[in-house]
Each structure stands twice: as C-alpha cells, then as structure tokens.
Amino acid sequence: MKYLFLNHKMNLTKEEFLNYQEELLKLDTNDIEFVVFPSSTYLSLINGDNFKIGSQDVCEYDDGSYTGEIS
C-alpha cells in the first residue's frame, strides 16, 4: 500500500478547495491511501468518499506555509 498525505496548510481559497476536491474524487484510489488535511474551516465541505480526512490547528499568522496551521 502506498500512502499520500495532502496538507493544504493555509494556501487554498474556498473555491480552490472545492475545485481541488472535485479532481481528487475523480482519481482511482485503489492502490493509494489518501489522507487530506484541509484547512479546518473547510472540514464541513469535504467529501471523504475516496480518502481519509485529517485536520490542522490554529496559527497566529494571516497566511503562509505553516505546516498544520490555519489563521
């Protein structure tokens, strides 16, 4: 089994996230274990049919590549 962890950090807008998710749902995930870590503000929008879901914690900065953080 191969694993792929996708951490969005604080880099996607809501529209970008929804488009990204549409593309993920088209993928054949039979041989890969996907785990998606969207910004916590998008957790209610995610469709985890083809992948597992993780979450991130809170960050004091407005934006940037802070691993596991949201502003």
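Okay, so let's go over this structure. Here the structure is a predicted model, which means the values were calculated and not measured. Numbering of residues starts from 1 in every chain and runs along the sequence as written. Only residues with pLDDT of at least 70 are given local features in this predicted model, and only at 80 or more are side-chain atom pairs given and counted; all residues enter the totals for whole chains, interfaces and linings. Derived side-chain values reflect all non-hydrogen atoms in the structure, with water molecules and hydrogen atoms excluded from consideration.

In this section: the overall build of the protein. Helix and strand assignments follow DSSP, with helices taken as H or I runs no shorter than four residues and strands as E runs no shorter than two, numbered in order from the N terminus. Looking only at helices and strands, the protein features one helix and five strands. Secondary structure elements of the protein occur, N-terminal to C-terminal, as β-α-β-β-β-β. Its C-alpha atoms give the protein a radius of gyration of 12 Å, within 12% of the compact-globule value 11 Å for 71 residues. Relative accessible area decides the class of each residue, using a 1.4 Å probe on protein chains only: under 20% of the type maximum gives buried, over 50% gives exposed, and in between gives partly exposed. Here the protein holds 71 residues, and the buried ones make up 30% of them. To be clear on the numbers: accessible area is Shrake-Rupley with a 1.4 Å probe, and residue cover counts the displayed protein chains and nothing else. Per element, the accessible surface of the protein, about 4,800 Å² overall, is 47% carbon and sulfur. One finds the centroid of the 5 positive side-chain charges in the protein at a distance of 6 Å from the centroid of its 13 negative side-chain charges. Each radius of gyration is computed over the set of C-alpha atoms, and the globule rule expresses the reference value as 2.2 Å times the number of residues to the power 0.38. In this tally, Asp and Glu contribute negative charge and Lys and Arg positive charge; neither His nor the terminal groups of the chain are included. For this purpose, a charge sits on NZ of Lys, CZ of Arg, CG of Asp or CD of Glu.

A few words now on the sheet that holds strand E2 (residues 32-37). Pairing is parallel in the open sheet, where three strands are placed in the order E1-E2-E3. Each having just a single partner strand, strand E1 (2-7) and strand E3 (52-53) make up the two edges of the open sheet. Think of it this way: DSSP has to see at least two bridges between two strands before they count as a pair. Note that E1 and E2 share six bridges and pair parallel. Of the residues in E2, the one forming a bridge with Leu6 is Val36.

With that settled, the discussion passes to the pattern of salt bridges. We count a salt bridge whenever a side-chain nitrogen from Lys or Arg sits within 4 Å of a carboxyl oxygen from Asp or Glu. Within the structure shown, the criterion is met by two salt bridges. The partner of Lys26 in a salt bridge is Glu23, and the shortest N-O contact between them spans 3.2 Å. Owing to a relative accessible area of 61%, Lys26 belongs among the exposed residues under this scheme. Classification of Glu23 by relative accessible area gives partly exposed; the value is 45%. In this structure, the salt-bridge partner of Glu33 is Lys52, at a minimum N-O distance of 3.6 Å. A residue pair is termed long-range when its members are at least 10 positions apart, and Glu33 in strand E2 and Lys52 in strand E3 qualify at 19 residues. Classification of Glu33 by relative accessible area gives partly exposed; the value is 22%.

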